[in-house]
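# Notes for the structure review
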Amino acid sequence: MGWNPDLYERYRALRERPGRDLMAAIPAIPVRTAIDLGCGTGYLTRQLADRFPEATVTGLDSDPAMLGKAAATPSRIAWQHGDIGSWRPDAPPDLVFSNAALQWLPDHPALFTRLAGHLAPGGVLAVQMPDNFAAPSHLLLRELAAREPWHAMLTGALDHGRVLPPADYWRVLRPHAGSIDIWHTDYVQVLEGEDPVLEWVSATALLPVTARLPAEQADAFRAAYGDALSRAYPPEADGSTLFPFRRIFILARI
Ligand SMILES: C[S@@+](CC[C@H](N)C(=O)[O-])C[C@H]1O[C@@H](n2cnc3c(N)ncnc32)[C@H](O)[C@@H]1O
C-alpha cells in the first residue's frame, strides 16, 4: 500500500491539529528518548524534537515515500524504516507518541499492552487515532467494497485495525499505567474545493482499496465512491464542505 506524501499533506493543517492537541496534553516529564510510531512525513516528529530538546528522537514508518519526505527536511531526528507491529526498542523510551497510525494495525489489546510494556518507568504513551468509522465516509466505502464487481477483489482489504471503545483501552492499559486519560474530540472540519472529501480519503482510507484493484477498476470505484460522497457531504451555501471528524486520544503514564 503506497502512501502519497504530497496528497497526504494537502490537508496538513487539519491533519496536524489533533497531533498538536495530543502533544500539548503530554505532561512535563523528563524525556531522554522519544519515538514517533507511524511518523509519516515527520512534521509532528520535528515538533516533538522541539518540545523535548534534550531527547533523542526517532521517527519510525513503514512507507518509504513518507519517510523519504520526512528525511528530506534537515533535522536531528533519526528516521527508521520499520513496522510498528514488530518494533522493539533497544532501550525503554520515555515517550511513545503515535498520531493517526495505530488504527492501521490489528489486535489493539495486544498492541497497546506491548507498547506500554516497552516504556521506561514514568514514561508516557500518547496516541491519537481517527474514531469515525461510523461516519458516512467509512460506511459508504465498506458498502461499495462489498458490492460486485469489487467484492471478490476486496475481500479482507478493509480488515485492518479496529478502534475499540474507550473503556476497552482503559481496561487494557490499567494493569500497566499509573494514570490514564482518554477522550474524544469532534473536529468540524471545513474543506474547500471540488470533491474535497474524496481527496481527503484518497490519501488515507481509500488506499487499501486502490492498492488491490487493477487501474481501470480503481478508477471506476473512485468515481462511484466520489458520487456517493458528494451526496453525503453536499457543499454549503458558501461552497465549502463540512467533514466532521471524531478522534480518540489516549494518554497513559506508566
Ligand atoms: C495517516 S499517516 C499519519 C502520519 C503522521 N503520524 C501524521 O500524523 O501526519 C499514517 C502513517 O502510518 C504509517 N504506518 C501504517 N502502518 C504502519 C506500520 N505497521 N508500521 C509503520 N508505519 C505504519 C503509514 O506509512 C503512514 O505514514
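To start, this report covers the structure provided alongside it. (Residues numbered from 1 in each chain as written. Predicted model: local features only at pLDDT ≥ 70, side-chain atom pairs only at ≥ 80, totals over all residues. Heavy atoms only, no water.)

### Comments concerning the overall build of the protein chain
Broken down by element type, the protein chain carries 10 helices and seven strands. Over its C-alpha atoms the protein chain spans a radius of gyration of 19 Å, differing by no more than 12% from the 18 Å that the globule rule assigns to 254 residues. Considered along the principal axes of its C-alpha atoms, the protein chain spans approximately 50 × 40 × 35 Å. Taking all 254 residues of the protein chain together, the buried fraction comes to 52%. Nonlocal contacts in the protein chain, meaning residues at least 24 apart in sequence, comprise 76% of its contacts between residues at least 6 apart. As displayed, the protein chain offers around 11,600 Å² of accessible surface, 54% of which is attributable to carbon and sulfur atoms. (Helix = DSSP H or I, 4+ residues; strand = E, 2+ residues; numbered from the N terminus. Rg over C-alpha atoms; globule rule 2.2 N^0.38 Å. Buried < 20%, exposed > 50% of the residue type's maximum accessible area, 1.4 Å probe, protein only. Contact = heavy atoms within 4.5 Å. Areas by Shrake-Rupley, 256 points an atom, 1.4 Å probe, with all protein chains shown as cover.)

### What about the nonpolar core?
The biggest cluster of nonpolar side chains holds 55 residues, and the ones touching the most others in it are Ile26, Leu95, Phe97, Leu102, Phe112, Leu125 and Met129. The residues contacting Phe97, other than those within four sequence positions of it, are Gly19, Leu22, Met23, Ile26, Ile35, Asp36, Leu37, Leu44, Leu48 and Ala126. Residues Tyr11, Leu140, Ala218 and Leu229 belong to the second largest nonpolar core, which totals 27 residues. (Core = buried A, V, L, I, M, F, W, Y, C linked by side-chain atoms within 4.5 Å.)

### Description of the layout of surface pockets
Each pocket or cavity is described by its volume, and for the largest pocket that value is around 560 Å³. Along the walls of the largest pocket sit 26 residues, with Trp3, Asp61, Ser62, Ala101 and Trp104 positioned nearest its centre. If you list the elements that add at least two residues to the lining of the largest pocket, you get α3 (43–51), β2 (56–61) and β4 (95–99). Computed from the structure, the second largest pocket encloses a volume of approximately 220 Å³. Residue lining of the second largest pocket: Thr33, Ala34, Ile35, Thr56, Thr58, Gln80, Trp87, Arg88, Pro89, Asp90, Ala91 and Pro93, and that is the complete set. Sorting elements by how many residues they give to the lining of the second largest pocket places strand β1 (residues 33–37) first, with three residues. Taken together, the residues of the lining of the second largest pocket sort by class into six nonpolar, four polar and two charged. (1 Å grid on protein atoms, 1.4 Å probe; cavity = no way out; pocket = protein on both sides within 12 Å on 5 of 7 lines; lining within 4 Å. Points joined across faces, edges and corners; volume = space filled by probe spheres on them. Nonpolar A, V, L, I, M, F, W, Y, C, P; charged D, E, K, R; others polar.)

### Section: the pattern of salt bridges
Per the counting criterion, the structure on display carries 11 salt bridges. Across the pair Arg12 and Glu9 runs a salt bridge, and its minimum N-O distance is 3.9 Å. By relative accessible area, which is 29% here, Arg12 ends up partly exposed. Between Glu199 and Arg10 there is a salt bridge; the shortest N-O distance is 2.7 Å. You can see Glu199 sitting in helix α8 (residues 196–202) and its partner Arg10 sitting in the loop between α1 (5–8) and α2 (12–25), a full 189 residues away along the chain. Judged by its relative accessible area of 23%, Glu199 is partly exposed. Three or more residues joined by partner-sharing salt bridges are found here, namely Asp6, Glu9, Arg12, Glu16, Arg20 and Lys69. (Salt bridge = Lys/Arg side-chain N within 4 Å of Asp/Glu carboxyl O.)

None of this, on its own, says anything about what the molecule does.
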